[in-house]
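Coordinates in review
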Amino acid sequence: MEWRVDAGGQTLALATSGGIPEVIYWGATLPVTEDLSQLSASALNDITGGMLDKLPALSLSPEPGRAFQGQPGHLLAEADGTPLNPAFSFTHADEAPGHLALHNHADGITLSHHVTAHPTGVLTLKTTLTANRPIRVHWLAAPVLPAPQNGDMIDVHGKWTREFHLTRTPWSPGIRLREARTGRSGHEHPPYLILAEAGCTNTQGTAAALHYAWSGGHRMVAEELPDGRRQIQFGAPMAAETEARTHFETADLIAVHSTTGLNGIAAAFQADIRDRVVQWPNPIRPRPVHYNCWEAVYFRHSLPELAEIATRAAALGAERFVLDDGWFGRRDDDTTSLGDWTMDSRKWPDGLHPLIAHIHSLGMTFGLWFEPEMVNPDSDLFRAHPDWMLGPRDQTTGRHQMVLDLANPAVRDNLFAQVSAILTEYPIDYIKWDHNRLLPVVDTAQTHGIYDLLSRLRTALPNVEIESCASGGGRIDAGILAHTHRVWLSDSNDALERLRMQHDAALFLPAAITGSHVGPRHCHTSGRNLSMSFRAWVAAQRHMGFEMDLRELTEDEALTLGRVTAWWKANRDWMLSGTIHRLDAADPAVTAELQIAADGRRFVVFSGQAETSVQILPRPLALTGLEPDARYRVTLINPEDAPRQSRGPNALKSAPLTLSGRALMTRGLLLPVAWPATMWVVEGRKLDD
């Protein structure tokens, strides 16, 4: 038996001869007339010396105990720990438009694999397991997929203030095993993988990609078997299911295939996160310019000081004021009060009402910082409920804090009551939800617990937006984004660091949910001093905000920030609903992208000079995603940022140019000479014939 599921530009074809089905094709869309029985026959391998007499199937869940020589797709045991190796047989398929469920059964256990096609062009794959008695699951992979036979793996590595760094690894016999056991998707290796075939660049070539939509850590197995076949497995970390139960399921594995290079991957993931995964409170509301006070005042909260800063923020174009850490308990530093979500009456004797009234009078809305999953030992909550802590009592703290056990319904009830009480008393339309330490244990119940708490809050307060922050980008995945609306990509506001991070994160994340703030002149995480123009334009690439003491601005800095903010507000609607294309810059010192509107009639190029070029003059920058025969008017909108060494007749410095899409994508743009930490911004408009 054979089946196929199509989504966007990809086809997934599967077949079975009686056992667990296997993927016989994953790639570009096949003709509707494709004979699946012939496709299945074409996937049959030969046998040679040194092998078994039958090649074990690389199925949707390769079975232990069935002579499969690679990593199994499931490891099961009876409730008492006795190993369990059921010999599954295929029973039936449930088919509906855009959905396929394939069921297998053995020894009172049903193993099912679900494939769903989405209008955004992605496929989601999920494994479920149901037993007629409680059993234990040590490992359960989402449906296992084959990997291409050429090219490299590209996955993501990072650390605090340096998130989303791409790592390229060639295939070789054996396993690339990546396991995130920190209890969150993590800075270290978040749950993404790109399978780039030979010759694939940003703008051309073939690639496939996977994103495991789970926030509690993951395990990825990329294995080349001795016979040459390759498999990819994703699931929760090994032994993360700590209880015997009768039902288990993986998170969704989001799958994309592209024949238009890495940008095809990026376009599908961006659209899917923005248009399917994130559940917007008000989808038509423009994304507001943020002001966050953290790097201006830290824990030093004072109504007169914050009111003054708010006035300056509004004058520069901010539309939402976010009060960060320090408003609750007796929170003068990070050693105390997490868990006590009541107003600090020393700092706020009249509560937040006077500050919020002032902010509203300026035309801004108000947001507030929380870190509900954590608790300080020095807190009333911990003293009252020491048994609510996750993990052993003698564990090492992180940032002076412990983690609350969110698998405990009483903990979730308490947090819901505390947080919703604040959100009910005050007119708050936004939460910055932080998560500042690693978990002491790995348990899927903790992640299910945070999803449940967020769902309850969203249901009770449907108009409140939530940002996922975890020491910056420590929890960015489709699982948490199904319950939130924005991510804090990094605690680094260094625009040079951000330029590269935002560029690489665009392979997975749309601009609409990626927070980016203009930081202080002297960066608090790197010590660099960067110009206001560069800082502002880097922030304008994504969901823009400010995070600094605005009282330090010079008159020129304030004028520049106000001008860039006004530009962003005038263009945000089409930019944030459009697509980010990474450009293949000929100069490795340049990091560049093109953001194009959904209708293709407008675009903007951001070309960041990250360091000094090897050659004297700029290399042409070839664009992408345009109509070859259309004509476009291109305008450099910040020629004033040219250094004094730029003294030649570069055309864009003095006037717009009108060029065909083919010329722009082949010859490209010649931009002026630039110092390091310069961003050129070029607007493009399609001209009517």
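Further up the page is the structure itself.
Here goes a summary of the coordinates provided. Keep in mind that what you see is a predicted model, and the values were worked out from it rather than measured. (Residues numbered from 1 in each chain as written. Predicted model: local features only at pLDDT ≥ 70, side-chain atom pairs only at ≥ 80, totals over all residues. Heavy atoms only, no water.)

1. Considering the overall build of the chain
So the rule is basically this: Helix and strand labels come from DSSP, where a helix needs a run of H or I of at least four residues and a strand needs a run of E of at least two; each type is numbered from the N terminus. Taken over C-alpha atoms, the radius of gyration is set against a globule rule of 2.2 Å times the number of residues to the power 0.38. When a residue's accessible area, from a 1.4 Å probe over protein chains only, is under 20% of the maximum for its type it is buried; when over 50% it is exposed; and in between it is partly exposed. Throughout, a residue-residue contact means that at least one pair of heavy atoms, one from each residue, lies within 4.5 Å. Here the Shrake-Rupley method, with its probe set to 1.4 Å, supplies the accessible areas, and only the displayed protein chains count as covering residues. This count recognises Lys and Arg as positive and Asp and Glu as negative, with His and chain-terminal groups excluded. Every charge is mapped onto a representative atom, which is NZ of Lys, CZ of Arg, CG of Asp or CD of Glu.
A count of helical and extended segments in the chain gives 13 helices and 35 strands. Here the C-alpha radius of gyration of the chain, 26 Å, is about what a compact globule of 689 residues would show, namely 26 Å. Looking at the 689 residues of the chain, the share that counts as buried comes to 59%. Of the contacts made within the chain by residues no fewer than 6 positions apart, 69% connect residues no fewer than 24 positions apart. Split by element, the accessible area of the chain, about 25,600 Å² in all, is 52% carbon and sulfur. Looking at the chain, you have 61 positive and 79 negative side-chain charges, and the mean spots of the two groups are 5 Å apart.

2. What about the sheet that holds strand β31 (residues 590-596)?
Put simply, the rule reads: For two strands to be treated as a pair, DSSP must find no fewer than two bridges joining them. The convention used is that axes are lines fitted to C-alpha atoms, helices contributing only their stretch in contact, and that angles between N-to-C directions extend from 0 to 180 degrees.
Read from one edge to the other, the open sheet built from six strands follows the order β30-β31-β32-β35-β33-β34, with strand pairing classed as antiparallel. The strands lining the two open edges of the sheet, one partner per strand, are β30 (579-582) and β34 (657-660). Across the sheet, the mean angle separating the axes of adjacent strands is 25 degrees when strand polarity is ignored. Of the pairings in the sheet, the one linking strand β33 (residues 631-636) to strand β35 (residues 678-686) comprises five bridges and is antiparallel in character. When the bridges of β35 are listed, valine 634 appears paired with glycine 684. Packed on one face of the sheet, helix α10 (residues 495-505) meets β30, β31, β32 (602-609) and β35 and runs near 50 degrees to β31.

3. Side note on the packing of α10 against helix α11 (residues 532-539)
Two packed helices can be described by the angle between their axes and the distance between those axes. Short version of the rule: Angle categories: roughly parallel below 35 degrees, roughly antiparallel above 145, roughly perpendicular from 65 to 115, and oblique for all the rest. Crossing chirality is assigned from the near helix's rotation relative to the far helix, an anticlockwise turn below a right angle marking it left-handed and a clockwise turn marking it right-handed. In the scheme used here, Gly and all other residues not listed as nonpolar or charged are polar, with Ala, Val, Leu, Ile, Met, Phe, Trp, Tyr, Cys and Pro taken as nonpolar and Asp, Glu, Lys and Arg as charged.
Contact geometry for α10 and α11: axes closest at 9 Å, N-to-C directions at 25 degrees. Here α10 is positioned roughly parallel relative to α11, judged by the angle of their axes. Relative to α11, α10 is oriented so that their crossing is left-handed. Across the interface between the two elements, Ala495, Leu496, Arg498, Leu499 and Gln502 from α10 touch Phe534, Arg535 and Val538 from α11. Taken together, the residues of the contact of α10 with α11 sort by class into five nonpolar, one polar and two charged.

4. Details of the packing of helix α7 (residues 409-425) against helix α8 (residues 444-460)
It is the contact of α7 with α8, at a shortest axis distance of 10 Å, that shows an interaxial angle of 35 degrees. Viewed along their axes, α7 and α8 form a crossing whose handedness is right-handed. Packed against α7, whose contacting residues are Arg412, Asp413, Leu415, Phe416, Val419 and Ser420, the element α8 presents Gly449, Asp452, Leu453, Arg456, Leu457 and Ala460 at the interface. For the contact of α7 with α8, the per-class residue count stands at six nonpolar, two polar and four charged.

5. Overview of the layout of surface pockets
Which entries qualify depends on this criterion: Think of a 1 Å grid over the protein atoms and nothing else: a 1.4 Å probe that fits but is trapped marks a cavity, an open set flanked by protein within 12 Å on at least five of seven lines marks a pocket, and residues with an atom within 4 Å of a point count as lining. Grid points are joined across faces, edges and corners, and a volume is the space filled by probe spheres set on the points.
Taken as a whole, the largest pocket encloses approximately 1,300 Å³ of empty space. As for the largest pocket, its lining consists of 45 residues, and the residues nearest its centre are Glu22, Ala43, Ala57, Leu58 and Arg229. Every element with two or more residues in the lining of the largest pocket is listed here: β3 (22-28) and β15 (207-212). For the lining of the largest pocket, the leading source of residues is β3, giving seven residues. Of the residues in the lining of the largest pocket, the class split is 25 nonpolar, 13 polar and seven charged. Estimates place the volume of the second largest pocket at around 620 Å³. Along its surface, the second largest pocket is lined by 27 residues, and Arg500, His503, Pro588, Val590 and Thr591 are the ones closest to its centre. Broken down by secondary-structure element, the contributors of at least two residues to the lining of the second largest pocket are β12 (162-170), α10 and β31. Examining the composition of the lining of the second largest pocket, we find that six residues originate from one element, α10, more than from any other.

6. Concerning the pattern of salt bridges
Convention followed: What makes a salt bridge here is a side-chain nitrogen of Lys or Arg within 4 Å of a carboxyl oxygen of Asp or Glu, nothing more.
Under the defined criterion, the tally for this structure stands at 49 salt bridges. When the shortest N-O distance is used, the salt bridge between arginine 219 and glutamate 179 registers 3.8 Å. One end of the pair, arginine 219, is in strand β16 (residues 219-224); the other, glutamate 179, is in strand β13 (residues 174-179), with 40 residues separating them in the sequence. Judged by its relative accessible area of 7%, arginine 219 is buried. Notably, a salt bridge pairs aspartate 688 with arginine 601, separated by 2.4 Å at the nearest N-O pair. In this pair, aspartate 688 is assigned in the segment after β35 and arginine 601 in the loop between β31 and β32, connecting sequence segments 87 residues apart. Accessibility expressed as a relative area gives 57% for aspartate 688, which makes it exposed.

7. Some words on the pairing of β3
Here strand β2 (residues 10-15) runs beside β3; their pairing, made up of six bridges, is antiparallel. Looking at β3, one finds that threonine 11 is bridged to glycine 27.

8. Description of the sheet that holds β2
What the three strands build is an open sheet, ordered β1-β2-β3; its pairing is antiparallel. Bordering the open sheet on either side are β1 (2-7) and β3, each of which pairs with just one other strand. Averaged over all pairs of adjacent strands, the angle between strand axes in this sheet comes to 15 degrees, irrespective of strand direction.

9. Structural notes on the side chain of arginine 230
Selection rule: Polar contact is the term for a pair of N or O atoms within 3.5 Å; when the atoms are in protein, one must be able to donate a hydrogen and the other to accept it, and sequence-neighboring residues count only if both atoms are side-chain atoms.
Relative to the helices and strands, arginine 230 is located in strand β17 (residues 230-235). Within polar-contact distance, the side chain of arginine 230 engages the backbone oxygen of proline 148 at 2.9 Å. Residues contacting arginine 230, with those up to four places away along its chain left out, are Leu58, Leu145, Pro146, Ala147, Pro148, Gln149, Asn150, Trp171, Glu223 and Glu224.

10. With respect to empty space enclosed by the protein
Scanning the entire structure with this criterion turns up six cavities of 30 Å³ or more. A volume near 60 Å³ is recorded for the largest cavity. What lines the largest cavity is Gly183, Arg184, Ser215, Gly216, Glu373, His435, Leu439, Gln446, Thr447, Ile450 and Arg475. Partitioning the lining of the largest cavity into residue classes produces two nonpolar, six polar and three charged.

Geometric values such as these leave the question of function open.
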